[in-house]
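Listed below, chain by chain, are the residues.
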Amino acid sequence: MAKPTTAVRQTKKDEEPALKGTLASVFLLGFFIIFAWVSVYFLFLHRL
Amino acid sequence: MTTAVEKVNRRDAKLALAHLFVAFTALALGGFAGLLQTLVRSGKFELPAGISYYTILTTHGVLLGLVLTTFFIIGFQFAAVSRTTGTLSDGSRRTGWVGFWLMTIGTAMSAFFILTGKASVLYTFYAPLQAHAGFYIGLALVVVGSWVSGFAMFTHYARWRKAHRGQVSPLLAFMSVTNMVLWLVCTLGVAATVVFQLIPWSLGLTDRVNVLLSRTLFWYFGHPLVYFWLLPAYMVWYAVIPKVIGGKMFSDSLARLAFILFLLFSIPVGFHHQLLEPGISPFWKYVQVVLTFMVIIPSLMTAFAMFATFESYGRSQGATGLFGWLRKLPWSDARFFAPFVGMLFFIPAGTGGIINASHQLNQVVHNTIWVTGHFHLTVATTVVLTFFGASYWLIPHLTGRVMTKAMNRLAIIQTIVWAVGMTFMSGSMHFAGLLGAPRRSAFSTYGNSPQALEWIPYQIAQAVGGTILFIGIILILVIVINLAFFAPKGETEFPIAEAAAPYERAALALENWKLWIGLVVALILIAYTVPIIDIIQNAPPGSKGYKLW
């Protein structure tokens with residue numbers, strides 16, 4: 001029974017969408033949020 | 001029991017269209033008021049005939065922030081519910097019309113008192129500024145009308161569920177119901193302050209008002225109001241856009257879970273609008289800031305789902321490379337392009353929201369025009385461009401017409417004009433805000449203080465942006481009038497996407513309303529009970545009303 005299971009797994013693996021671009025996009029989004037937040041935070045510190 | 005049809009029933013379409021017409025009328029009038037405001041604030045223009053800046057500011061805020069949005073959303077949701085769960089029953093439709101007329105009469109009443117200069121209290125109507133009682137009564141009617149319409153949707157949805165036991169409801173119907181539950185719960189706060197505090201006070205039945213309580217009840221409503229605007233845009237993003245581009249929805253379950261998280265975490269968070277307000281303990285502000293940050297989770301889930309939808313589609317079309325899928329998207333289709341630009345603008349908009357809700361950073365931007373710039377990105381770009389994009393198929397679908405290529409091209413131009421105008425206007429608002437320029441106030445050099453003089457170039461840029469945006473309003477009105485009355489007759493699809501995984505079945509627990517509404521109530525009680533008791537018990541003497549205009 002091992003073979004069909006592997007085959008099913010293989011098919012499932014193939015069906016997984018390739019989302020490298022999505023990963024890169026969400027990272028870019030995260031970096032933008034952090035950059036903007038830190039910029040205003042430094043402005044806050046500067047005005048203390 | 002009626003069954004689901006591909007096309008919205010003609011009588012339901014009439015109800016939806018009536019809402020959309022009021023919404024776009026509000027856009028025309030409110031948009032013109034917005035143009036005048038930016039011109040006045042540039043310092044190069046004065047209003048004629050003694051018209052007050054604050055009158056047009058109130059007109060702009062109420063018509064666009066409250067009327068355009070609420071009418072469009074309810075109209076859109078009636079169409080979505082009818083399309084996905086079948087024609088409305090005669091009773092539900094009649095109830096919808098009662099809601100529509102209550103809202104319209106309320107709007108006309110409030111507008112009358114604003115335009116006659118008796119209610120220049122801005123759309124936040126903060127006490128102790130005191131408007132004519134008719135203004136508050138009009139607003140109360142708008143809220144009551146929206147509740148009536150909400151009940152029409154709830155009963156229709158309940159009927160569908162009864163007839164389809166054990167089945168997961170259609171995504172758009174589920175989302176519409178979630179948004180109306182959110183609305184119903186949050187408007188209880190604004191209704192309480194209007195009915196129990198502001199109306200008796202403006203009628204002279206009470207002398208004084210508890211200002212902090214009224215502001216707290218307002219913001220209990222005011223923040224979820226933002227999500228009431230946003231969720232219908234998310235409905236279009238999740239359930240419609242994948243079909244428009246020819247792809248599939250990334251995940252039906254993820255979309256439903258995101259909506260439930262919005263329902264839970266968008267209400268008990270109003271204190272992040274009152275971070276600099278004395279009279280609220282720092283502990284409770286902290287609790288509500290933590291809850292505010294929980295809302296970031298479904299927002300980021302949505303961003304991920306959108307990227308994944310676009311990438312999956314692009315790759316299915318043979319895209320290669322890290323970002324090759326972007327080239328495969330249908331850039332020349334306004335039904336996609338306008339909402340997509342709205343999504344892009346949500347990146348700085350959401351980021352600004354995180355900054356606003358952070359206690360220390362809030363001290364940098366509080367009550368500055370940064371905040372105005374922020375919500376012109378969220379509601380006036382992300383939400384509004386998505387609503388425009390939805391109108392390009394919704395209006396012709398409801399009127400039995402088709403959008404011509406020329407109108408599609410005009411809609412692309414409209415989107416670009418909007419993006420450019422808003423970049424100028426909102427961008428300069430953000431920068432001027434960081435330099436301390438106040439929001440809400442008319443032009444002043446504040447005795448030629450050097451700091452105030454620094455803001456003037458940004459205020460001129462706001463007027464340039466505002467003028468470009470007004471051109472955008474003229475363009476969208478041309479398109480809407482064409483789609484409603486002059487476009488060629490034909491059939492336009494109401495696009496609804498399928499999930500990428502056909503075997504995917506959302507958990508029925510996501511529709512366990514007793515559980516979710518119970519949790520909503522629990523979170524609200526945790527976040528608000530103690531501070532509200534404190535605000536009432538330790539209140540200073542209330543304030544008399546002021547009419548400073």
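Residues numbered from 1 in each chain as written. Chains lettered and ligands numbered in written order. Predicted model: local features only at pLDDT ≥ 70, side-chain atom pairs only at ≥ 80, totals over all residues. Heavy atoms only, no water.

The helix and strand inventory of chain B stands at 15 helices and 0 strands. In terms of overall dimensions, chain B has a C-alpha envelope of 60 × 50 × 45 Å along the principal axes. When burial is assessed residue by residue, chain B has 62% of its 549 residues classed as buried. Sequence separation of 24 or more characterises 85% of the internal contacts of chain B that already satisfy a separation of 6 or more. Summed over its atoms, the accessible surface of chain B is roughly 20,500 Å², and 69% of this surface lies on carbon and sulfur atoms. If the 34 positive side-chain charges of chain B are averaged to one point and the 16 negative ones to another, these points end up 5 Å apart. (Helix = DSSP H or I, 4+ residues; strand = E, 2+ residues; numbered from the N terminus. Buried < 20%, exposed > 50% of the residue type's maximum accessible area, 1.4 Å probe, protein only. Contact = heavy atoms within 4.5 Å. Areas by Shrake-Rupley, 256 points an atom, 1.4 Å probe, with all protein chains shown as cover. Lys, Arg positive; Asp, Glu negative; His and termini not counted. Charge placed at Lys NZ, Arg CZ, Asp CG, Glu CD.)

In this section: the UniProt feature "transmembrane region" (unreviewed entry) in chain A. As recorded in UniProt, the sites labelled "transmembrane region" (unreviewed entry) are residues 21–44 of chain A. The span residues 21–44 of chain A is 100% helix and 0% strand, and its two end C-alpha atoms sit 35 Å from each other. (UniProt positions renumbered as here; feature names shortened; annotations may be inferred.)

Mapped onto the elements of the fold, Asn 408 of chain B is located in helix 13 (residues 405–434). Excluding residues within four positions of it along the chain, Asn 408 of chain B makes contact with Ser 332, Asp 333, Ala 334 and Met 403 of chain B.

With that out of the way, let us pick up the interface of chain B and chain A. Between chain B and chain A, the contact holds 25 residues from the first and 20 residues from the second. Our count for the chain B to chain A interface comes out at 0 salt bridges. At the junction of chain B with chain A, the criterion picks out 7 residue pairs in polar contact (both at pLDDT 80 or more). Put simply, the parts of the chain that give the side of chain B that touches chain A at least two residues each are helix 9 (296–316), helix 10 (334–357) and helix 11 (359–365) of chain B. Ranked by residues supplied to the side of chain B that touches chain A, first place goes to helix 9 of chain B with 8 residues. Each residue belonging to the side of chain B that touches chain A can be placed in one class, and the counts come to 18 nonpolar, 5 polar and 2 charged. (Salt bridge = Lys/Arg side-chain N within 4 Å of Asp/Glu carboxyl O. Polar contact = N/O pair within 3.5 Å; in protein donor to acceptor, adjacent residues only side chain to side chain. Nonpolar A, V, L, I, M, F, W, Y, C, P; charged D, E, K, R; others polar.)

A few words on the nonpolar core. Ranked by internal contacts, the top residues of the largest apolar core, which has 186 residues, are Phe 125, Phe 135, Tyr 238, Phe 310 and Tyr 392 of chain B. Filtering out sequence-adjacent residues up to four positions away, Tyr 238 of chain B remains in contact with Met 175, Met 249, Leu 254, Ala 255, Ala 258, Phe 259, Met 301, Thr 302, Ala 305 and Met 306 of chain B. Listed in part, the 10 residues of the second largest apolar core include Phe 44 of chain A together with Leu 361, Val 364 and Val 371 of chain B. (Core = buried A, V, L, I, M, F, W, Y, C linked by side-chain atoms within 4.5 Å.)

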